[in-house]
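Residue-level listing of the chains:
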Amino acid sequence: MRKNEIYLCLDAPAKINLYLHITGRRPDGYHLLDSLVGFTEYADRVFASPADELSLRIQGAHSLGLQGNEEDNLIMRSARALRDSFGVREGAALTLEKNLPVSSGIGGGSADAAAALRLLARLWKVDVNDRDLSDIGLKIGSDIPVCIVGTPSKMSGVGETVHPAKPLPNCAVLLVNGGEAVSTSAVFGASRHHSSESSNWVPPDDFEGLVSNLLPLRNDLTEAAQQASPVIREILSVLEKSEGCALARVSGSGGTCFGLFADLSQGDVAQKKIERLRNGWWSVLTEFRALRSEIKQS
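Keep in mind the model is a prediction, meaning the values are calculated, not measured.

Caption draft 1: Fine view of the packing of helix α2 (residues 108-123) against helix α3 (residues 130-138). Following both chains from N to C, one finds α2 and α3 inclined at 130°, their axes separated by 10 Å at the closest point. Viewed along their axes, α2 and α3 adopt a mutual orientation that is oblique. α3 is crossed by α2, and the crossing has right-handed handedness. Mapping the contact onto sequence places Leu117, Arg118 and Ala121 in α2 and Leu133, Ile136 and Gly137 in α3.

As structure tokens, this is what we get:
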């Protein structure tokens, strides 16, 4: 196998905040959260191969917004942090296949960084566990620890506390984005919610139970996200009116919204209608991922 041939690959799935409560704020300004997180089958993809130097190449449908700033990408920052923490002298040729919109509230950058940490730990033969990688990742992005876990989880604190949750029931997830990048810091700064209660999440047995348990909960960032990107309000309205959509919500700080449908056929009808009516919107029909993505070697 040639030295620069890509031989490790890992999916970086979209992260969905099924609900997100802001439970407080630390003296340093960081918000305290309580959120149920799921991951979808639709994902970015990160590749790694041996190299003398550390480098990142970005490609894919949503790569344009990231090109030219590779050195400050969360992937590179995470890679340097891992290398420095363990005195690694090797490099790596990293490639990001960017399938998810940038700054869209579905954890794309954090998922990419988490995938890179897992890949590089394998590539460099670093003796670490998920907790070690999460500690490194948390210093770079609050969503990285939950993305390292990569399965349904309850997330709290500033992202440092992650507890596995019961797998989510089978259903269709329609992701819709209006094409506007949304600043996470601006949305958090504009949010008026600082004192919501943590949820005593009850794991559901089926799709109806999932929707029923989510309905009393909410995303505390919705109003601020709509102010930052008014198209979010329109997307939510369209999803809510779609036949078969049992729940529509914005994920994270926006601007991606999701609709939950009992099955893929219902979601497919809704997606096709949205594509006809809103040509400029990005949409993907997917499902929740039951298992953590695994590193593939070729």
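Caption draft 2: Spatial organisation of the packing of aromatic side chains. Per the stated rule, a full pass over the model turns up two aromatic pairs. On the numbers, 6.3 Å between centres and 35° between planes, the contact of Tyr19 with Trp201 is tilted. Note that Tyr19 is positioned in strand β1 (residues 8-25) and Trp201 in the loop between α5 (184-190) and α6 (207-214), a separation of 182 residues in sequence. Here the two residues Tyr19 and Trp201 agree in accessibility, since each one is buried. Sitting over the face of the ring of Trp281, Arg278 holds its NZ or CZ atom 5.3 Å from the ring centroid.

Caption draft 3: Broad picture of the environment of Glu223. Along the polypeptide, Glu223 turns up in helix α7 (residues 222-228). By relative accessible area, Glu223 is classed as partly exposed at 41%. In sequence terms Glu223 and Val269 are 46 residues apart; their C-alpha atoms lie 28 Å from each other.

Caption draft 4: A look at the pattern of salt bridges. Counted under the stated rule, the structure contains 16 salt bridges. For Arg292, the salt bridge is made with Asp130, and the minimal N-O distance between the two is 3.0 Å. Of this pair, Arg292 sits in the loop between β10 (282-287) and β11 (296-297) while Asp130 sits in helix α3, and the two are 162 residues apart along the sequence. Judged by relative accessible area, which is 23%, Arg292 ranks as partly exposed. Assessed through its relative accessible area of 32%, Asp130 is described here as partly exposed. Lys166 is paired through a salt bridge with Asp205; the nearest N and O atoms lie 3.1 Å apart. Pair noted here: Lys166 is in the loop between β6 (161-164) and β7 (172-177) and Asp205 is in the loop between α5 and α6, with a separation of 39 residues, a long-range link. Via salt bridges that share partners, Asp11, Glu41, Arg45, Glu97 and Arg289 belong to a single interconnected network.

Caption draft 5: Molecular detail of the pairing of strand β4 (residues 91-97). Counting buried positions along β4 yields six of seven residues, so the element is predominantly enclosed. Sheet topology note: the strand β2 (residues 31-51)/β4 ladder contains seven bridges and is antiparallel. Bridging from a neighbouring strand, Ser49 pairs with Ala93 of β4. As paired elements, strand β3 (residues 54-59) and β4 share six bridges and run parallel to each other. Looking at β4, one finds that Leu56 is bridged to Leu94. As a crossover connection, the stretch from β3 through helix α1 (residues 74-86) into β4 is left-handed.

Caption draft 6: Molecular detail of the sheet that holds β10. Here we have four strands laid out as an open sheet, ordered β8-β9-β7-β10, and antiparallel in their pairing. Each edge of the open sheet carries a strand with a single partner, namely β8 (245-250) and β10. Averaged over all neighbouring strand pairs, the angle between strand axes comes to 20°, with direction disregarded. When β8 meets strand β9 (residues 256-261), the two strands line up antiparallel, connected through five bridges. By the bridge assignment, Ala248 is partnered in β9 with Gly259. With respect to the sheet, helix α8 (residues 231-241) is in contact with β7, β8 and β9, its orientation differing from that of β8 by roughly 170°.

The rules behind each value
Throughout, a residue's number is its position along its own chain's written sequence, starting from 1. For a predicted model such as this one, the threshold for reporting local features is a pLDDT of at least 70, and the threshold for listing and counting side-chain atom pairs is 80 or more; totals across whole chains, interfaces and linings nevertheless cover every residue. With hydrogens and water stripped out, all remaining heavy atoms of the structure feed into the side-chain values. Angles shown run from 0 to 180 degrees and are taken between the N-to-C directions of axes, each axis being a line fitted to C-alpha atoms and, for helices, limited to the stretch in contact. Helix and strand definitions follow DSSP, with helices as H or I runs of at least four residues and strands as E runs of at least two, each counted in order from the N terminus. Our angle categories are set so that under 35 degrees counts as roughly parallel, over 145 as roughly antiparallel, 65 to 115 as roughly perpendicular, and the remainder as oblique. For any pair of crossing helices, the crossing counts as left-handed if the nearer helix is rotated counterclockwise from the farther one by less than a right angle, and right-handed if it is rotated clockwise. For this analysis, residues touch if any pair of their heavy atoms sits within 4.5 Å. Under the pairing criterion, centres of Phe, Tyr and Trp rings, with the six-membered ring standing for Trp, must be within 6.5 Å; the plane angle then separates stacked pairs below 30 degrees from edge-to-face pairs above 60, leaving the rest tilted. For every residue, the accessible area obtained with a 1.4 Å probe (protein chains only) is divided by the maximum for its type, and the residue is called buried under 20%, exposed over 50%, and partly exposed between those limits. In our convention, an over-ring charge means Lys NZ or Arg CZ found within 6 Å of a ring centre and within 35 degrees of that ring's normal. What makes a salt bridge here is a side-chain nitrogen of Lys or Arg within 4 Å of a carboxyl oxygen of Asp or Glu, nothing more. At least two bridges found by DSSP between two strands are what make those strands a pair. Seen with the strands pointing away from the viewer, any crossover whose path from the first strand over the helix to the second strand runs clockwise is right-handed.

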